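# Observations on chain architecture
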Amino acid sequence: MTSDTRAFLLRYVGARFDGHRLPLDVLPDLSAFRDLLVSYVKAKWRATHENRIRLPRGFERSIAFDLTGIGDGSAIPKLEWDRQTAQLLLPDFKDELESLVEHAYAQVIELIDGAAENIPSAGLPPESIRALNRFGSGLLDDEKIEFLGSQGKHGNVVFLDSYRRKCLITRGRDSYETRFEGIGKLLGSEKDADGIYGLIVVYTEQHGTILIPVAPERVKEEFDGSIDDDVQFRLLIELDNKDVFKRVVDVFDVDLIDAALVANLERCRERIQSIASLDDGWHDGVGKTVTQEAVMAAERLLSARPRLAGSYHIYPTDVGGILFEFVHSGWDYSIETGPNGEIEIYGVQVDGQGDLDTKVFPSMGESALKFLDGLTGDAR
């Protein structure tokens with residue numbers, strides 16, 4: 001290469017990243033990506049310099065990356081490795097380092113491209129596994145990171161999503177980290193290792209009982225005396241390779257939900273369970289039993305946007321789905337969860353001729369929720 005810099009473009013795809021926005025909670029991905037590259041550079045160096053016991057002084061600092069911009073479209077962070085840094089720190093190895101960085105990037109692309117095909121990743125360095133466990137940990141189910149300029153075995157741009165992350169990480173260890181957000185029921189509090197009340201005990205439908213670290217003063221001031229109340233949370237958690245919960249790694253948000261909202265949520269949950277118990281033929285012989293996928297999508301809607309619960313009227317659909325109807329700001333909206341978990345959102349003006357064309361989403365993910373927020377405001 002003739003340039004003094006080498007740029008790597010990572011394209012974040014998902015509703016949260018529209019308009020080249022990069023939420024702060026995914027910024028750690030960028031340093032993790034750098035660490036992943038460095039782990040491969042180190043491994044290749046050691047393999048080609050077996051006579052050297054240690055890395056050269058300044059080796060790791062010479063592989064420094066800078067965030068030099070966010071591209072148009074979905075968020076595209078531009079990371080650059082500057083040859084001049086290597087020139088200053090390792091003048092005798094700058095050309096070799098450049099080749100090693102290129103080789104490391106190609107290896108990372110090959111590794112990620114093979115994740116979905118379950119290609120073995122034998123010999124993956126421990127440093128690489130640790131970096132992978134941080135890279136993409138903030139991705140939600142319908143989001144991914146594309147490596148622009150790359151090409152996989154099938155000719156497509158290589159990408160990393162939550163499924164590929166899990167496949168890669170659990171080949172080299174028995175657990176991985178991922179985002180978890182929702183609503184649970186407060187069961188109490190416990191002492192942490194230092195004997196202070198710094199943990200709240202929360203029951204969740206997805207992972208059973210979990211312990212969430214909370215500042216001791218918050219436990220005393222906000223959570224004591226609120227047993228059986230609902231708690232909304234956003235967490236980073238560790239799961240084993242069978243998706244069994246192990247621990248909370250980090251806490252982004254955790255708050256009690258007010259009593260009126262809890263009552264509305266309970267009403268909606270009871271209604272969904274009643275609908276889910278209907279047998280085939282419930283509607284003049286043609287109504288189908290509501291699928292588990294439709295129930296899960298409905299519960300995801302309640303958990304993600306609980307403040308709308310008081311407005312919902314909920315009905316079964318003949319095809320095995322669940323329909324939410326509500327009025328907001330002069331519009332009558334409908335949200336339908338289909339039998340495969342797909343989502344349709346549409347609406348009409350209550351006192352007017354306006355109508356909203358049906359919008360279809362593959363799941364109750366961030367894209368559907370962001371579109372809903374555009375209609376109603378952020379109802380979290």
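A separate point is the overall build of the chain. For the chain, the count of helices and strands is 9 helices and 15 strands. Per-residue burial over the chain gives 46% buried out of 380 residues. Summed over all atoms, the accessible surface of the chain reaches about 18900 Å², with 48% contributed by carbon and sulfur.

Glancing now at the pairing of strand 6 (residues 175-191). Burial analysis of strand 6 places 12 of its 17 residues in the buried class, the great majority of the element. Of the pairings in the sheet, the one linking strand 6 to strand 7 (residues 197-204) comprises 6 bridges and is antiparallel in character. Residue Gly188 lies in a different strand from strand 7, and its bridge partner there is Val201. The hairpin turn running from strand 6 into strand 7, its antiparallel successor, is 5 residues long, and Gly195 in that turn takes a positive phi close to 80 degrees.

Before going further, it helps to spend a moment on the packing of helix 8 (residues 292-304) against helix 9 (residues 366-376). Two numbers describe how helix 8 lies on helix 9: the axes approach to 12 Å, and their chain directions differ by 50 degrees. Between helix 8 and helix 9, the angle falls in the class oblique. The way helix 8 lies across helix 9 gives a crossing that is right-handed. Where helix 8 approaches helix 9, its residues Arg300, Leu301 and Ala304 are matched on the opposing element by Glu366, Leu369 and Leu372. Residue classes in the contact of helix 8 with helix 9 are distributed as 4 nonpolar, no polar and 2 charged.

Let us now look at the sheet that holds strand 6. Read across the sheet, 5 strands follow the order 8-7-6-9-10 without closing on themselves; strand pairing throughout is antiparallel. Where the open sheet ends on each side, the last strands, each with one partner, are strand 8 (208-213) and strand 10 (245-256). Each strand axis lies, on average, 45 degrees off the axis of its neighbour in the sheet, ignoring direction. Here strand 9 (residues 230-240) pairs with strand 10 via 9 bridges, running antiparallel. From the neighbouring strand, Arg234 faces strand 10, where its bridge partner is Asp253.

It is worth spelling out the confidence of the model for the chain at this point. Reading fine detail from the predicted coordinates is not recommended where pLDDT is low. Averaged over the chain, the pLDDT score is 83; the fraction of residues at 70 or greater is 88%. Of the regions scoring below 50 in pLDDT, residues 86-90 engages in 16 contacts with residues more than four places distant in sequence or in other chains.

What follows covers the nonpolar core. In this structure, Leu10, Tyr12, Phe33, Phe135, Phe147, Ile200 and Ile212 are the most contacted members of the largest nonpolar core, which totals 57 residues. Leaving out residues up to four positions away in the same chain, Phe147 has contacts with Leu9, Leu10, Phe33, Tyr105, Ile109, Ile112, Phe135, Val157, Val158, Phe159 and Leu160.

Right, let's talk about the environment of Ala104 for a bit. When you line up the elements, Ala104 lands in helix 3 (residues 94-113). In contact with Ala104, not counting residues within four places along its chain, are Leu37, Tyr40 and Val41.

For the rest of this paragraph, the subject is the environment of Gln349. Note on placement: Gln349 falls in strand 14 (residues 343-349). Relative accessible area serves as the criterion here: at 30%, Gln349 is assigned to the partly exposed category. A C-alpha to C-alpha distance of 9.7 Å links Gln349 and His328, two positions 21 residues apart in sequence. When residues no more than four places from it in sequence are discounted, the contact partners of Gln349 are Gly330, Trp331 and Gly354. A polar contact of 2.9 Å, which involves the side chain of Gln349, links it to the backbone nitrogen of Gly354.

Once that is clear, we can look at unusual backbone geometry. In this model, Asp284 sits at a positive phi of 55 degrees, which is unusual for a non-glycine residue. Relative to the elements of secondary structure, Asp284 occurs in the loop between helix 7 (259-276) and helix 8. Given a relative accessible area of 75%, Asp284 falls into the exposed group.

Turning our eyes to something else, we now look at the packing of aromatic side chains. The geometry of two aromatic rings is summed up by the distance between their centres and the angle between their planes. One pass over the full model with this rule turns up 12 aromatic pairs. Between Phe33 and Phe135 the ring centres are 5.7 Å apart and the planes differ by 40 degrees, which places this aromatic pair in the tilted class. Of the two residues, Phe33 is situated in helix 1 (residues 28-48) and Phe135 in the loop between helix 4 (126-134) and strand 4 (144-147); the sequence distance between them amounts to 102 residues. There is no split in this pair, since Phe33 and Phe135 are both buried. Ring geometry for Phe361 against Phe371: centres 5.7 Å apart, planes inclined by 45 degrees, an arrangement best described as tilted. Placement of the pair is Phe361 in strand 15 (residues 355-361) and Phe371 in helix 9, with a sequence separation of 10 residues. Overall, the relative accessible area of 13% leaves Phe361 in the buried class. Here the aromatic residues Phe8, Phe33, Tyr105, Phe135 and Phe147 are joined through ring pairs into a cluster of three or more. Lying over the aromatic face of Phe159, Lys144 brings its terminal NZ or CZ to 4.7 Å of the ring centre. Geometry around Phe159 places Arg164 over its ring, the cationic atom sitting 4.1 Å from the centre.

Here is what the cut-offs are and how they apply
- Residues numbered from 1 in each chain as written.
- Predicted model: local features only at pLDDT ≥ 70, side-chain atom pairs only at ≥ 80, totals over all residues.
- Heavy atoms only, no water.
- Helix = DSSP H or I, 4+ residues; strand = E, 2+ residues; numbered from the N terminus.
- Buried < 20%, exposed > 50% of the residue type's maximum accessible area, 1.4 Å probe, protein only.
- Areas by Shrake-Rupley, 256 points an atom, 1.4 Å probe, with all protein chains shown as cover.
- Pairing = 2+ DSSP bridges.
- Axes fitted to C-alpha atoms, helices over the stretch in contact; angles between N-to-C directions.
- Parallel < 35°, antiparallel > 145°, perpendicular 65-115°, else oblique.
- Left-handed = near helix turned anticlockwise from the far one by under 90°.
- Contact = heavy atoms within 4.5 Å.
- Nonpolar A, V, L, I, M, F, W, Y, C, P; charged D, E, K, R; others polar.
- pLDDT = per-residue confidence, 0-100.
- Core = buried A, V, L, I, M, F, W, Y, C linked by side-chain atoms within 4.5 Å.
- Polar contact = N/O pair within 3.5 Å; in protein donor to acceptor, adjacent residues only side chain to side chain.
- Phe/Tyr/Trp six-rings, centres within 6.5 Å; stacked < 30°, edge-to-face > 60°.
- Lys NZ or Arg CZ within 6 Å of the ring centre and 35° of its normal.

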